[in-house]
Amino acid sequence: MRRGRLRPAAAALAVLLLPLAGCDRTAAPAARAGAAGEPAQGGDRGRHLPPVVDHVRTTDRVVFLTYDDSAERDPAFTGLIRERRLPVTLFLTDTVAGPAYGDFARLRSVGASLQNHTLDHRALSGLPYAGQRAEICGQQTKLTSRFGVRAHLFRPPHGAYDTTTLRAAADCGITALVLWRAALNADGALTYTRGDHRLHPGDVIAVDPDHPTATDLTSRTEDLLKTVAEQGLRVGNLEDYL
């Protein structure tokens, strides 16, 4: 690891957040939760639960690009990842991405990281433990059988989660739930869930791959890369930091 990167066991790994409302990526989190690895509620005291992150504490001038499903629908996107050697992270839902797993295999071959976004994209908050565990562990099994990898990062659909989600994720081998501090809108502008409206080292950025009114994913990503560079930042590999 380069100097300034965090180790997974570090207590100050990342900022923790409470649930986001709905699927609006501009929605602000309601409040802060406890320190990394700290139980979210008293009933889980002593149990190690995965942190929920939208930002990684690091002195490296990096940000992290994340995408949910459907990135394969822009055929030029794989070429961009290859040419720029971009370490992007893709969160996959089986019912959405399953028919195109071959395309995601090609994205993985050029450097994309494939992580968990549940089997069916159900909002998990409020579901019983068994249902949440089935959604998360079921997709773990799918990703392992398709790609031979065990995902350790998880993005809850719509950004919605509760303490049961954390318990189920931990039992499925997840080490961190990944939300976002910045989101790329259909018009190419960045919006922020909290804090000042500019990128900071360690920010997680969410890009909607198939927004119905947006320009193609490759063009939007290229414009985003210009914004990142203009702010003196570069794209880092999220797996190196979590």
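You'll find the structure just up there.
What comes next is a walk through the structure.

Parameters and conventions
Per chain, the residues get numbers from 1 upward, laid out in the order the sequence is written. Totals for whole chains, interfaces and linings use every residue, but because this is a predicted model, local features are given only for residues with pLDDT of at least 70 and side-chain atom pairs only at 80 or more, for both listing and counting. Heavy atoms throughout the structure, all of them, feed into the side-chain values; hydrogens and water do not. Secondary structure elements are defined from DSSP: runs of H or I of at least 4 residues count as helices, runs of E of at least 2 residues count as strands, and each element is numbered from the N terminus. For every residue, the accessible area (1.4 Å probe, protein chains only) is compared with the maximum for its type, and the residue is labelled buried under 20%, exposed over 50%, or partly exposed between those bounds. Here a residue-residue contact requires only that any non-hydrogen atoms of the pair lie within 4.5 Å. Accessible areas in this description were obtained via Shrake-Rupley with a 1.4 Å probe; residue shielding takes into account the shown protein chains only. Every case where a carboxyl oxygen of Asp or Glu lies within 4 Å of a side-chain nitrogen of Lys or Arg is listed as a salt bridge. The rule is short: rings of Phe, Tyr and Trp, with Trp giving its six-membered ring, pair when the centres are within 6.5 Å, and they are stacked under 30 degrees, edge-to-face over 60, tilted in between. Here, nonpolar core means buried Ala, Val, Leu, Ile, Met, Phe, Trp, Tyr and Cys residues that are tied together by side-chain atoms lying within 4.5 Å of each other.

Concerning the overall build of the chain
- Assigned secondary structure in the chain consists of seven helices and 10 strands.
- For the chain, the proportion of its 242 residues judged to be buried stands at 55%.
- Contacts in the chain between residues at least 24 apart in sequence constitute 70% of all its contacts with a sequence separation of at least 6.
- With an accessible surface of roughly 10400 Å², the chain has 49% of that area assigned to carbon and sulfur atoms.

A word on the pattern of salt bridges
- Tallied over the full model, the rule gives five salt bridges.
- Between Lys142 and Asp94 there is a salt bridge; the shortest N-O distance is 3.9 Å. With a gap of 48 residues between them, Lys142 in helix H4 (residues 129–147) and Asp94 in helix H2 (residues 94–97) connect regions that are remote in the sequence.
- Residue Lys142 is classed as partly exposed on the basis of its relative accessible area of 35%.

Observations regarding the packing of aromatic side chains
- Summed over all chains, the structure comprises three aromatic pairs.
- Each ring, one from Tyr101 and one from Phe147, has its centre 5.3 Å from the other, and the planes form 85 degrees; the classification is edge-to-face. One end of the pair, Tyr101, is in helix H3 (residues 101–109); the other, Phe147, is in helix H4, with 46 residues separating them in the sequence. Each of the two residues, Tyr101 as well as Phe147, counts as buried.

Structural notes on unusual backbone geometry
- With a phi close to 50 degrees, Arg85 is a non-glycine residue in the positive phi region.
- As for its position among the elements, Arg85 is in the loop between helix H1 (76–84) and strand E3 (89–92).
- By relative accessible area, which is 74% here, Arg85 ends up exposed.
- Positive phi, close to 65 degrees, is recorded for His158, a residue that is not glycine.
- For His158, the location among the structural elements is in the loop between strand E5 (153–154) and helix H5 (163–171).

Remarks on the nonpolar core
- Residues Leu90, Leu92, Phe104 and Ile205 are the most contacted members of the largest nonpolar core, which totals 36 residues.
- The leading source of residues in this core is helix H6 (residues 217–230), at four residues.
- If we ignore the near neighbours within four places in the chain, the residues touching Ile205 are Val63, Phe64, Leu65, Thr66, Ala182, Leu190, Leu199, Leu224 and Val228.
- If you look at the next biggest cluster of nonpolar residues, it comprises 30 residues, including Leu124, Ala169, Ala176 and Ala183.

Points about H1
- Of the residues making up H1, those classed as buried are Phe77, Thr78, Gly79, Leu80 and Ile81.
- Looking at the buried residues of H1, the elements they touch are strand E2 (62–68), H3 and H6.
- The first or second residue beyond H1 is Arg85, which carries a positive phi of 50 degrees.

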